[in-house]
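Here are the chains, one letter per residue:
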Amino acid sequence: MKKWVFGFVVVLLLIGYGAAQHKPKVVIAELPKVVIEEPSKVNHPVQGGTPQKNGHTIAVTKAQIYKGDLLLVNKEHPIPSGGEESEEASLSRHGELVQGFALLDNSIRLSPSLVKKFATMIGAAANDGVNHFIISSGYRDEEKQDELYQQMGPDYALPAGYSEHNLGLSLDIGSSIAEMNRAPEGKWLKNNAWSYGFILRYPVDKTAITGIQFEPWHFRYVGLPHSLIMQAKNMVLEEYLDYLKKKKTITATVNHQTYEIHYYPVSNNTTITVPENGRYEISGNNTDGVIVTVLRDQDA
Ligand SMILES: [Zn+2]
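Residues numbered from 1 in each chain as written. Predicted model: local features only at pLDDT ≥ 70, side-chain atom pairs only at ≥ 80, totals over all residues. Heavy atoms only, no water.

With an unreviewed UniProt entry as reference, the protein is termed M15 family metallopeptidase, source organism Paenibacillus rhizovicinus.

Student: Outline the overall build of the protein, listing residues and values.
Tutor: Helix and strand counts for the protein come out as 7 helices and 14 strands. Counted over contacts in the protein with a minimum sequence separation of 6, partners at least 24 positions apart contribute 69%. Just so you have it, the protein exposes about 15600 Å², and 51% of that area is on carbon and sulfur atoms. (Helix = DSSP H or I, 4+ residues; strand = E, 2+ residues; numbered from the N terminus. Contact = heavy atoms within 4.5 Å. Areas by Shrake-Rupley, 256 points an atom, 1.4 Å probe, with all protein chains shown as cover.)

Student: Tell me what's going on with the nonpolar core, and back it up with residues and numbers.
Tutor: What tends to happen in soluble globular proteins is that the nonpolar side chains get buried as a cluster. Ranked by size, the top nonpolar core spans 46 residues in total, and within it Phe-118, Leu-189 and Phe-198 carry the most contacts. For this core, the element with the most residues is helix H2 (residues 112-127), which contributes 7 residues. Residues in contact with Leu-189, not counting those within four places in the same chain, are Met-121, Phe-133, Ile-173, Met-180, Trp-194 and Phe-219. One finds Val-60, Tyr-264, Val-266 and Ile-272 within the second-largest nonpolar core, a separate group that totals 10 residues. (Core = buried A, V, L, I, M, F, W, Y, C linked by side-chain atoms within 4.5 Å. Buried < 20%, exposed > 50% of the residue type's maximum accessible area, 1.4 Å probe, protein only.)

Student: Describe the sheet that holds strand E1 (residues 34-37), with residues and values.
Tutor: Within the open sheet, the 5 strands sit side by side as E1-E10-E11-E14-E13. Their pairing is antiparallel. What marks the edges here is a single partner per strand, and that holds for E1 and strand E13 (280-284). Averaged over all pairs of adjacent strands, the angle between strand axes in this sheet comes to 20 degrees, irrespective of strand direction. (Pairing = 2+ DSSP bridges. Axes fitted to C-alpha atoms, helices over the stretch in contact; angles between N-to-C directions.)

Student: I'd like a description of the side chain of Glu-164, backed by residues and values.
Tutor: Relative to the assigned elements, Glu-164 resides in the loop between helix H3 (142-152) and strand E7 (170-175). Here Ser-170 takes part through its side chain, which lies 2.7 Å from a polar atom of the side chain of Glu-164. Reaching out from Glu-164, the side chain makes a polar contact with the side chain of His-218 at a distance of 3.0 Å. In this structure Glu-164 touches Val-73, Leu-169, Ser-170, Arg-201, Tyr-202, His-218, Arg-220 and Leu-237, once residues within four positions along its chain are discounted. (Polar contact = N/O pair within 3.5 Å; in protein donor to acceptor, adjacent residues only side chain to side chain.)

Student: Provide a residue-level description of the coordination of the zinc ion, including the pertinent values.
Tutor: Bound to the zinc ion are the protein donor atoms His-165 (NE2), Asp-172 (OD) and His-218 (ND1), situated 2.0 to 2.1 Å from the metal. Along the chain, the residues donating to the zinc ion fall in the pattern H-x6-D-x45-H. The exposure class assigned to His-165 is buried, which follows from its relative accessible area of 3%. On the basis of relative accessible area, Asp-172 is assigned to the buried category, the value being 7%. (Donors = N, O, S within 2.8 Å, 3.2 Å for Na, K, Ca; no water.)

Student: Break down the confidence of the model for the protein for me, with residues and values.
Tutor: Averaged over all residues, the pLDDT of the protein is 87; the fraction at 70 or higher stands at 83%. In the model, residues 15-24 has pLDDT below 50 throughout and makes 6 contacts with residues more than four positions away in sequence or in other chains. Contacts for the low-pLDDT stretch residues 46-51, under 50 throughout, to residues beyond four places or in other chains number 9 contacts. (pLDDT = per-residue confidence, 0-100.)

Student: Give me the lowdown on the pairing of strand E11 (residues 257-265), citing residues and values where you can.
Tutor: Of all 9 residues that make up E11, 7 are buried, and the element is covered over most of its length. Sheet analysis places strand E10 (residues 249-254) next to E11, joined by 6 bridges and oriented antiparallel. Within E11, the position partnered with Thr-249 by the bridge is His-262. Adjacent in sequence and paired antiparallel, E10 and E11 are bridged by 2 residues, among which Asn-255 carries a positive phi angle near 50 degrees. Where E11 and strand E14 (residues 289-295) come together, 7 bridges link them in antiparallel fashion. Bridge pairing in E14 places Ile-261 opposite Thr-293.

Structure, rendered in structure tokens:
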């Protein structure tokens, strides 16, 4: 009920704001409903287990703990050393990638695949009349992070290697008309980013867990359905990864699609069973295991 009232107030505020700004149509869309199940007894194919019907066994190496969209990077968990080859592009030199948003300066770098996901999201925002987005920071190499750390100090920046910006999956998003906390762009993202695989990484009510002050501009890509599950359960990435580890398997149904999400600890000889149809993704958690996300056959 409280949430509903809050949503209503936000809508009223936005309508008021919209009226003052040449009446753009500002709509807070409803998020798709997520049904999460936490089966107590599950078909969780453990190491050395019997392959499931229509499944085959693959080996998971320790290196896979440190790759993927769900890596946890914070004060305790630095970016993996000697990580993946960076594919970040300088956006000012790739005008074709800069569609529907502006860049704060010419130094912004991001991977083209992440920019495309961001562009899809803000395309939806534009349909709702919200279209004054600026990217103010993207991928930072360790040198740039160190420069920032020296300038801003430990209260406002993380040391090189401990910032999500060093991972290349985060971006700082601003608005050209107001501070993000008040801007329609900030409000739209806070409500809708979850539908596009992005999460508000440092919410105001989770500072004790994230160790980072509220940052209404910092969004992180984790992919679907994880972002929607985190929103539905009001979890930040630290909590979500702990939750998966504890539950080992959950299922989530969104828009008639059911996903199975499995956590596996990874040691030297880990094998897991994955579906024959290949509709799965593996991401490490950057600590001790991998998360396997399986798209279940709709008629299964
Ligand atoms: Zn940031």
